[in-house]
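Overview (structure and organization)
Listed here are the chains, written in short residue letters.
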Amino acid sequence: MKSELLRQLFKGEKMKPMKKTAIVWVVVMILTLTALACSGAADIPNLFATETPTPTMTFTPSPTFTPSPTATVTQTPSPTPAPSGSVTEEQPDGSTIFTDYDNQFRVVLPEDWLIIPFNKDEYTEVINELGKENPQLAQAAEAFQNMDPDLFRLLAFNKNPDYVLDTYVSNLNITSIPDPLMSSMPLAFVTGALEEEFTKSGYKVLTSGVNELDNSHGLEVEYIDIEQKINGIKTMQRVIVFQSDDSLCVITITSLPQFSKDVFAAGDAIAASIELLK
């Protein structure tokens, strides 16, 4: 099951609806990835290394072209397609609105967050600019470039120097897991199942019961706090969960213990801004 999920998590196979245990494995993988990113991302490229197959070239002769009579074509206006993908829009106050058309929600990130969307053109542009200013952060971000953009929607690093220690940088990511069942069940059941599976997977779960976050648009949002060690360094993570369209959406915020109170408070403000698209 793990290898199947890895093919879906990284570019290669489109995500399919998953069983509860499979969803937990995806979330656990992402928790590990973001914890590594917090520590400088040195080990991320090797975390899920997979062999890339060599394509086989097959020669196919081209058919002989036979001209056909030219038909008169009547132009029919095409309907305007609905927006798809995701976009980021920087606001005058320095904050950024991230809109996910595929999963039908938008969220506002404060100016302290350096946003790296998984839109190919924007991703490349941001990484190139970041490489000039902060090569270490660029390296951490580059390690995520093969993530499946249908699943992994956004990565952001907190650029406030008060929350940076040596190579350790607080980060967040937004993941949308397509699953009509988990996206329609009571959210308290979903977070309870995640909490139970996190404990079984060896994480130290710091919360219990139903933990709700305020939302300015009446959306139900809950969270789980966990602790894990990566390379001997303790990291704190807040897993914020909500449902949108046919997807289970997860915002994972990762920080060091001494910064987690302030960074999680910023995450709660982000959660308050989540809005479903009409």
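Residues numbered from 1 in each chain as written. Predicted model: local features only at pLDDT ≥ 70, side-chain atom pairs only at ≥ 80, totals over all residues. Heavy atoms only, no water.

**Comments concerning the layout of surface pockets**
Here the second largest pocket is characterised by a volume of approximately 290 Å³. If you trace the second largest pocket, you find 13 residues lining it, with Glu90, Thr96, Trp113, Leu114 and Ile115 closest to the centre. Elements that contribute at least two residues to the lining of the second largest pocket include exactly strand S1 (86–90), strand S4 (113–117) and helix H4 (120–133). When grouped by side-chain class, the residues that make up the lining of the second largest pocket number six nonpolar, three polar and four charged. (1 Å grid on protein atoms, 1.4 Å probe; cavity = no way out; pocket = protein on both sides within 12 Å on 5 of 7 lines; lining within 4 Å. Points joined across faces, edges and corners; volume = space filled by probe spheres on them. Helix = DSSP H or I, 4+ residues; strand = E, 2+ residues; numbered from the N terminus. Nonpolar A, V, L, I, M, F, W, Y, C, P; charged D, E, K, R; others polar.)

**Remarks on helix H6 (residues 187–200)**
Since one α-helical turn is 3.6 residues long, residues separated by three or four positions face the same way. If you check H6, its first and last C-alpha atoms are 20 Å apart, about what 14 residues at 1.5 Å a residue would give, namely 20 Å. Listed as buried for H6 are Leu187, Val190, Thr191, Ala193, Leu194, Glu195, Glu197 and Phe198. (Expected span 1.5 Å × (residues − 1). Buried < 20%, exposed > 50% of the residue type's maximum accessible area, 1.4 Å probe, protein only.)

**Some details on empty space enclosed by the protein**
Within the structure shown, the criterion is met by one cavity of 30 Å³ or more. For the largest cavity, the calculated volume is near 30 Å³. Every element with two or more residues in the lining of the largest cavity is listed here: H6 and strand S11 (221–230). Here the lining of the largest cavity is built from residues that sort into three nonpolar, four polar and two charged.

**Examining the sheet that holds strand S2 (residues 96–100)**
A sheet is described by the order of its strands in space; here four strands give the open sequence S1-S2-S3-S14, paired in antiparallel fashion. In this open sheet, the two strands that pair with only one neighbour each are S1 and strand S14 (275–276). Examined bridge by bridge, S1 and S2 share five bridges and lie antiparallel to one another. From the neighbouring strand, Glu90 faces S2, where its bridge partner is Thr96. (Pairing = 2+ DSSP bridges.)

**Description of the confidence of the model for the protein chain**
When pLDDT is averaged along the protein chain, the result is 77; 68% of the residues meet or exceed 70. Taken as a whole, residues 1–20 scores under 50 in pLDDT and shows 54 contacts with residues more than four places along the chain or in a different chain. Every residue in residues 41–65 scores below 50 in pLDDT, and together they form 17 contacts with partners more than four places removed in sequence or on other chains. (pLDDT = per-residue confidence, 0-100. Contact = heavy atoms within 4.5 Å.)

**Digging into the nonpolar core**
Counting residues in each nonpolar core, the largest one holds 29 residues, and the members touching the most others are Leu109 and Leu172. Elements represented by at least two residues in this core include exactly strand S3 (105–109), S4, strand S5 (152–158), strand S8 (171–178), S11, strand S12 (233–244), strand S13 (247–255) and helix H7 (257–273). Beyond its immediate sequence surroundings of up to four residues, Leu172 is in contact with Leu109, Trp113, Leu154, Leu155, Ala156, Thr252, Ile253 and Ile270. Judged by nonpolar contacts, the second largest core, of 12 residues, contains Leu187, Ile224, Val241 and Leu248. (Core = buried A, V, L, I, M, F, W, Y, C linked by side-chain atoms within 4.5 Å.)

**Observations concerning a negative patch on the surface**
Negative charge collects at one region of the surface, where Asp93, Glu111, Asp112, Asp162 and Asp262 lie side by side. With respect to the helices and strands, the residue Asp112 is situated in the loop between S3 and S4. (Patch = residues over 30% accessible without salt bridge, like charges linked within 9 Å, V, L, I, M, F, W, Y side chains within 5 Å. Areas by Shrake-Rupley, 256 points an atom, 1.4 Å probe, with all protein chains shown as cover. Salt bridge = Lys/Arg side-chain N within 4 Å of Asp/Glu carboxyl O. Lys, Arg positive; Asp, Glu negative; His and termini not counted. Charge placed at Lys NZ, Arg CZ, Asp CG, Glu CD.)

**A word on the pairing of S12**
Counting buried positions along S12 yields 10 of 12 residues, so the element is predominantly enclosed. In the sheet, S11 pairs with S12 via nine bridges, with the strands oriented antiparallel. Bridge pairing in S12 links Glu227 to Met236. Connecting S11 to the antiparallel partner S12 that follows it, the hairpin turn spans two residues, and Asn231 within it adopts a positive phi of roughly 55 degrees. Two strands pair when backbone bridges link them, and S12 and S13 are joined in this way by nine bridges, in the antiparallel orientation. Bridging across to S13, Arg238 finds its partner in Ile253. Hairpin connection, S12 to S13: the antiparallel pair is bridged by two residues, and Asp245 has positive phi, about 55 degrees.

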